[in-house]
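Chain residues, written in single-letter form:
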Amino acid sequence: MKARDQHKSADKQRATPARKSWLTSFGTLLVVLLIIATSIILFVLRGITNQASSPLSTPPAAGQWVNLDNRYLFSSLEAAPTNPALLYACASPYPQPQQGQSPQYTLLRSDDFGAHWQDLSKQVTLRDFCQFTINPANGNELFVVTAGTPTGGNTPDVLKQSSDGGKTWKTLQSRLQDGQANVTWHVQQLRQVGHDLFGIQWTSPLASNVTQLSTTTPSRLVHSSDEGQTWTPITNPAASITLIVHDYAVNPNDTRTIYEIAGPPPRLSEPGITPGAKTTLMTLYKTTDGGANWQQLLNDILPDSTLQLASAKPTTLFVGEAMSNRALNDTSVPMLSSTAPISFRIRTSTDGGATWQTTLQVQGASGFVHGWFSTIDGQLYALSSANGSNNSTIRRYDPASKQWNDVTKPPQPGDLLAVTPTGTNNGAVFWLRSFVGGKTALYRYVSG
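Residues numbered from 1 in each chain as written. Predicted model: local features only at pLDDT ≥ 70, side-chain atom pairs only at ≥ 80, totals over all residues. Heavy atoms only, no water.

S.K.: Quick question: what am I supposed to make of the overall build of the protein here?
M.R.: On a plain count of helices and strands, the protein comes out with two helices and 29 strands. By residue count, 44% of the 448 residues in the protein fall in the buried class. For the protein, the computed accessible surface area is about 22,900 Å², with 54% contributed by carbon and sulfur atoms. (Helix = DSSP H or I, 4+ residues; strand = E, 2+ residues; numbered from the N terminus. Buried < 20%, exposed > 50% of the residue type's maximum accessible area, 1.4 Å probe, protein only. Areas by Shrake-Rupley, 256 points an atom, 1.4 Å probe, with all protein chains shown as cover.)

S.K.: When you look at the packing of aromatic side chains in this model, what are you seeing that I'm missing?
M.R.: Centre-to-centre distance and the angle between the planes together describe a pair of aromatic rings. One pass over the full model with this rule turns up nine aromatic pairs. Ring pairs connect the aromatic residues Trp-65, Tyr-381, Phe-430 and Tyr-445, which therefore count as one cluster. The ring of Tyr-248 carries Arg-191 above its face, with NZ or CZ at 4.2 Å from the centroid. (Phe/Tyr/Trp six-rings, centres within 6.5 Å; stacked < 30°, edge-to-face > 60°. Lys NZ or Arg CZ within 6 Å of the ring centre and 35° of its normal.)

S.K.: Mind showing me how you'd approach the environment of Asn-299 here?
M.R.: Its place among the elements puts Asn-299 in strand 18 (residues 295-301). Along the chain, Asn-299 and Thr-283 lie 16 residues apart, while their C-alpha atoms are 4.2 Å from each other. With near-sequence residues (within four places) excluded, Asn-299 lies in contact with Leu-281, Met-282 and Thr-283. (Contact = heavy atoms within 4.5 Å.)

S.K.: Even after reading the chapter, I still don't get the state of the cysteines, so can you show me in this structure?
M.R.: Enumeration according to the criterion identifies one disulfide in this entry. Covalently, Cys-90 is tied to Cys-130 through a disulfide, its sulfur atoms 1.9 Å apart. Between Cys-90 and Cys-130, the S-S dihedral sits near -60 degrees, and the bridge is therefore left-handed. With Cys-90 in strand 3 (residues 83-93) and Cys-130 in the loop between strand 5 (118-119) and strand 6 (131-135), this residue pair connects regions lying 40 residues apart in the sequence. As far as burial versus exposure is concerned, Cys-90 and Cys-130 are alike and both buried. (Disulfide = S-S within 2.5 Å.)

S.K.: Is there a simple way to think about the nonpolar core in this case?
M.R.: Most often, soluble globular proteins have nonpolar side chains that are buried together. Counting 18 residues, the largest nonpolar core has Phe-74, Leu-77, Leu-108, Trp-117, Trp-431 and Leu-442 as the members making the most contacts within it. For this core, the secondary structure elements donating two or more residues are strand 2 (72-80), strand 3, strand 27 (415-421), strand 28 (428-436) and strand 29 (439-447). Residues contacting Leu-442, with those up to four places away along its chain left out, are Val-66, Asn-67, Leu-68, Asp-69, Phe-74, Leu-77, Trp-117, Leu-417, Trp-431 and Leu-432. (Core = buried A, V, L, I, M, F, W, Y, C linked by side-chain atoms within 4.5 Å.)

S.K.: I would appreciate a short explanation of the pattern of salt bridges in the present structure.
M.R.: Side chains that differ in sign of charge can pair as their charged atoms come close. The final tally for this structure, using the stated rule, is eight salt bridges. Arg-433 serves as the salt-bridge partner of Asp-415, at 3.7 Å between the closest nitrogen and oxygen. Of this pair, Asp-415 sits in strand 27 while Arg-433 sits in strand 28, placing them 18 residues apart in sequence. Within this structure, Asp-300, Glu-321, Arg-345 and Arg-347 form a network of salt bridges that share partners. (Salt bridge = Lys/Arg side-chain N within 4 Å of Asp/Glu carboxyl O.)

S.K.: Explain the sheet that holds strand 5 here, please?
M.R.: Sheet strands pair via backbone hydrogen bonds, and the direction of the pair is either parallel or antiparallel. Ordered in space as 2-3-4-5, the four strands form an open sheet in which the pairing is antiparallel. Each edge of the open sheet is held by one strand with a lone partner, namely strand 2 and strand 5. Looking at chain direction, strand 4 (residues 106-110) and strand 5 are connected through two bridges and run antiparallel. Among the inter-strand pairings, Arg-109 is bridged to a residue of strand 5, identified as Gln-118. (Pairing = 2+ DSSP bridges.)

S.K.: I keep staring at the environment of Val-419 and nothing clicks. Help me out?
M.R.: Within the secondary structure, Val-419 sits in strand 27. Looking at Val-419, the relative accessible area reads 14%, which means it is buried. Beyond its immediate stretch of four places on either side in the chain, Val-419 contacts Phe-373, Thr-375, Tyr-381, Ala-428, Val-429, Phe-430 and Trp-431.

S.K.: Honestly, the sheet that holds strand 25 (residues 392-398) in this entry has me stumped. Any pointers?
M.R.: Across the sheet, which stays open at both edges, the four strands sit in the order 23-24-25-26 with antiparallel pairing between neighbours. This sheet does not close on itself; its edge strands, each paired only once, are strand 23 (367-374) and strand 26 (403-408). Sheet twist, expressed as the average angle between the axes of neighbouring strands with direction ignored, equals 30 degrees. The sheet contact formed by strand 25 and strand 26 spans five bridges and is antiparallel. Looking at the pairing, Arg-396 lines up with Asn-405 of strand 26. (Axes fitted to C-alpha atoms, helices over the stretch in contact; angles between N-to-C directions.)

S.K.: What should I look at first to understand unusual backbone geometry in this one?
M.R.: Glycine aside, residues mostly have negative phi, and peptide bonds are mostly found in the trans state. That bond from Tyr-94 to Pro-95 is cis: its omega, 10 degrees, falls within 30 degrees of zero. Turning to its location among the elements, Pro-95 is positioned in the loop between strand 3 and strand 4. One non-glycine residue, Gln-189, lies in positive phi territory at about 50 degrees. Along the chain, Gln-189 turns up in strand 11 (residues 187-193). In the Ramachandran plot, Lys-402 falls in the positive-phi region, its phi being about 55 degrees despite a non-glycine side chain. For Lys-402, the location among the structural elements is in the loop between strand 25 and strand 26.

S.K.: What am I meant to see in the confidence of the model for the protein here?
M.R.: A low pLDDT score tells you not to read the predicted coordinates there in detail. With 71% of its residues at a pLDDT of 70 or more, the protein has an overall mean of 79. Counting contacts from residues 205-214, a segment whose pLDDT is below 50, to residues more than four positions away or on other chains yields 11 contacts. The low-confidence segment residues 268-278 (pLDDT under 50) makes six contacts with residues lying over four places distant or belonging to another chain. (pLDDT = per-residue confidence, 0-100.)

So this is what it looks like as structure tokens:
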């Protein structure tokens, strides 16, 4: 009996370490599984975040101009609405091709406010022009339009889409649904507002054998609700069939509210008459029902004028005009010269176009405007310089106070390429495109 008890005690002693070893292994396994599960969850969450935008980075130091690039001639630059550090740009490598050859564009990407740029030419092939738009809800999704053939001509332009920040692309088979025969897809000024794409469909009279007496509209506003596959016109019954749409803006809160600058084709002057003497005026129209009904807001706009809308305050609009040699009776804004005709003007409306006021005007050859932009909250920035001077100044206009204030002086003459947000209150990033002494440069300035 005693011997049997001793054997049981010995067996129990041998079993206890084995049980402890098994429990230890099981506990270790649970810890490993927990770590793996946590890693998977974090990876999935990070993937979801990256689908919306790249990780935010801290804005660069404010108050100083920085030369960021000397390899490209930039033609456009935009920040992702969901991430101000994520930028895309159309540019052509510098030096340019030999004289007589069209520049070949590339798409660039930066995720650190432009400090470093990735050339996406190996991922997407562009030709002699480049335009893009970014999904306002997902900075990694964008569309780019370029020429269909190296020489353009009467061949459809090509629309391409990327959903992973430019790593991979697919070419869309875009087509018009408008009932007009033999009209190729030539959509320019591409923009995404909400879930829809908008643009201006151009029909070249020279390329398409279209005359002004034809039933083919030279240009019209079009939109797509299926990610660029099919496009339908937004017809303006208030204008004739020979309407040319020059620019447009869409209310992001209600895409049925659309503004467009439109009018008849430019007139050709008779011999001995300067083009300015027969300038055709354009009209600013507005629709609030997707194009069924339109109303006139302004009817004295010159061609090549531009329209901007403050997306966070979509009732705030700006119209910028190169005024040529046309005088203006409005004396509510101080002029740079008391007698010279106005050469540039910006008009502002804060009530959806019902009323307007002149916020900037430049007299004759007394000065020049080298680019202007509205921020999403309605702040207005303009780069201007006096005639005969290389000194230029970026100025800010606040519609609330109706005051202009000097912000900064660029380090070199150039054009204001873009104004993007910093992600902080009232912060703005200025992008200056400069070409001095045969050298190209992209400068950045962060305003507090």
